[in-house]
Amino acid sequence: MSPYTKLISYLSLFLGTTITISSNHWMMAWTGLEINTLAIIPLISKSHHPRAIEATIKYFLVQAAASTLLLFSSMTNAWFTGQWAITHLTHPTSCLLLTTAIAMKLGLVPFHFWFPEVLQGAPMITALLLSTVMKFPPITILSMTSHTLNPTLLTTMAIASAALGGWMGLNQTQIRKILAFSSISHLGWMTIIIIYSPKLTLLTFYLYSLMTITVFLTLNTTKTLKLSTMMTSWTKTPMLNATLMLTLLSLAGLPPLTGFLPKWLIIQELTKQEMTTMATTIAMLSLLGLFFYLRLAYYSTITLPPNSTNHMKQWHTYKSTNPQIAIFTALSATLLPLSPMILATT
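Scoring rules and cut-offs
Residues numbered from 1 in each chain as written. Predicted model: local features only at pLDDT ≥ 70, side-chain atom pairs only at ≥ 80, totals over all residues. Heavy atoms only, no water. Helix = DSSP H or I, 4+ residues; strand = E, 2+ residues; numbered from the N terminus. Expected span 1.5 Å × (residues − 1). Contact = heavy atoms within 4.5 Å. Polar contact = N/O pair within 3.5 Å; in protein donor to acceptor, adjacent residues only side chain to side chain. Core = buried A, V, L, I, M, F, W, Y, C linked by side-chain atoms within 4.5 Å. Buried < 20%, exposed > 50% of the residue type's maximum accessible area, 1.4 Å probe, protein only. Domains from an automatic or database assignment. Salt bridge = Lys/Arg side-chain N within 4 Å of Asp/Glu carboxyl O. Buried area = accessible area lost by both parts, 1.4 Å probe. Nonpolar A, V, L, I, M, F, W, Y, C, P; charged D, E, K, R; others polar. Axes fitted to C-alpha atoms, helices over the stretch in contact; angles between N-to-C directions. Parallel < 35°, antiparallel > 145°, perpendicular 65-115°, else oblique.

Draft legend 1. Expanded view of helix 8 (residues 151-169). If you check helix 8, its first and last C-alpha atoms are 27 Å apart, about what 19 residues at 1.5 Å a residue would give, namely 27 Å. Along its buried surface, helix 8 packs onto helix 4 (92-106), helix 9 (175-193) and helix 14 (276-302). Capping the start of helix 8, Asn150 holds a side-chain oxygen 3.0 Å from the backbone nitrogen of Thr152, two or three residues further along.

Here's what the structure looks like:
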């Protein structure tokens with residue numbers, strides 16, 4: 001891929017995200033989302049592999065359908081209320097259409113089918129962008145309109161996402177698919193609390209993005225795509241694999257790591273809102289995710305492969321790893337003691 005093409009794609013991603021998160025008018029938000037979609041397509045399809053082309057087509061069709069629904073929702077609201085402002089979405093049909101559109105954009109259950117397939121077909125860095133940067137504009141729109149959306153519908157979708165994300169990740173051997181189902185599960189946690197505390201949703205998203213960036217960059221450095229290669233990657237970069245275990249356990253939400261903070265605050269907020277049943281349910285469902293995170297951590301650091309793996313052995317490389325990984329890993333593991341300061345700033 002030409003460096004100029006890559007530069008234009010990344011700049012367009014930045015522009016589209018900025019337009020959407022800073023806009024107050026539905027047409028501007030829609031324009032930003034469209035720029036984002038068009039900017040990421042060359043990055044997904046750059047390998048020209050049939051699986052990458054298939055992933056690109058799936059991504060384009062789903063995002064185009066979601067953008068159409070979002071535009072239809074805003075036009076319906078404008079038709080009945082005369083308001084084009086994002087925060088003035090009051091018509092019930094518009095709210096339902098918007099929830100559907102954002103769920104498709106994010107990959108929430110039951111509109112999640114495209115996400116694992118697209119992540120599996122995309123290169124590792126593009127998969128990182130799809131899991132983090134591309135989720136930011138839809139979550140921003142959802143938080144701006146959360147006060148008018150149907151709480152029962154959002155809670156149902158959130159519980160279903162947490163359940164399916166954990167359940168479907170159990171049987172996967174491809175690491176990008178495991179991370180895709182992990183993303184769906186985390187989106188469930190963000191969605192269940194968005195009506196009661198939008199700031200907490202954004203905090204959860206920021207911390208989730210931080211941990212996911214660390215995992216993807218580490219896997220990209222060790223060139224690990226499936227569990228069988230993960231079992232032998234410790235020979236190349238033992239220290240990096242040891243820190244990957246910490247990041248994975250943080251992503252699972254174990255104390256005293258960073259990932260425990262959002263789950264703790266969400267359960268606390270749900271209990272305050274007298275939704276103890278939902279808090280208990282989503283906490284129990286996170287145990288499913290904990291299982292496959294523990295399996296990844298076990299494969300990355302603790303275990304030796306019991307038999308010869310069916311892939312070509314790679315030479316030990318002494319190339320220096322990406323220095324940003326050290327910063328991201330430190331933040332992914334040690335932010336919990338700073339939680340009072342983080343809460344004061346949000």
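Draft legend 2. Examining the nonpolar core more closely. Counting 75 residues, the largest nonpolar core has Ile40, Tyr59 and Leu130 as its most contacted members. Two domains share this core, each providing at least three of its residues, namely domain 1 (1-128) and domain 2 (150-306 + 322-345). Setting aside anything within four residues of it in sequence, one finds Leu130 in contact with Ile40, Ile44, Tyr59, Phe115, Val118, Leu119, Ala122 and Lys135. Listed in part, the 22 residues of the second largest apolar core include Ala162, Ile192, Ile193 and Leu200.

Draft legend 3. Just the pattern of salt bridges, in detail. Inspection of the entire model under this criterion finds 3 salt bridges. The partner of Glu54 in a salt bridge is Lys58, and the shortest N-O contact between them spans 2.8 Å. Of this pair, Glu54 and Lys58 both sit in helix 3 (residues 50-81), 4 residues apart, roughly one helical turn. Put simply, Glu117 and Lys58 hold a salt bridge, and the shortest N to O gap is 3.8 Å. With Glu117 in helix 5 (residues 114-121) and Lys58 in helix 3, this residue pair connects regions lying 59 residues apart in the sequence. On the accessibility criterion, Glu117 (28% relative accessible area) is partly exposed.

Draft legend 4. Spotlight on the domain arrangement of the protein. Domain annotation for the protein reports domain 1 (1-128) and domain 2 (150-306 + 322-345). At the junction of the two partners, domain 1 supplies 21 residues and domain 2 supplies 24 residues. Buried surface at the junction of domain 1 and domain 2, summed over both partners, amounts to about 2,000 Å²; 77% is from carbon and sulfur atoms. If you sort the residues of domain 1 by the area they bury against domain 2, Val109, Gln120 and Met124 come out on top, with a joint share of 34%. At the surface where domain 1 touches domain 2, the tally comes to 1 salt bridge. Between Lys177 and Glu117 there is a salt bridge, with the nearest N and O atoms lying 3.5 Å from each other. Inspection of the region where domain 1 meets domain 2 yields 5 residue pairs in polar contact (both at pLDDT 80 or more). The class makeup of the residues in the side of domain 1 that touches domain 2 is 16 nonpolar, 4 polar and 1 charged.

Draft legend 5. The arrangement of the environment of Asn322 in detail. Relative to the elements of secondary structure, Asn322 occurs in the loop between helix 14 and helix 15 (323-334). For Asn322 and Leu217, which are 105 residues apart along the polypeptide, the C-alpha to C-alpha distance reads 8.0 Å.

Draft legend 6. Structural view of the packing of helix 9 against helix 10 (residues 198-222). Packing of helix 9 against helix 10 leaves a shortest axis separation of 9 Å and a crossing angle of 170 degrees. Judged by the inter-axis angle, helix 9 sits roughly antiparallel to helix 10. In contact with Ile175, Arg176, Leu179, Ser183, His186, Met190 and Ile193 of helix 9, helix 10 contributes Pro198, Leu200, Thr201, Thr204, Phe205, Tyr208, Val215, Phe216 and Leu219. For the contact of helix 9 with helix 10, the per-class residue count stands at 11 nonpolar, 4 polar and 1 charged.

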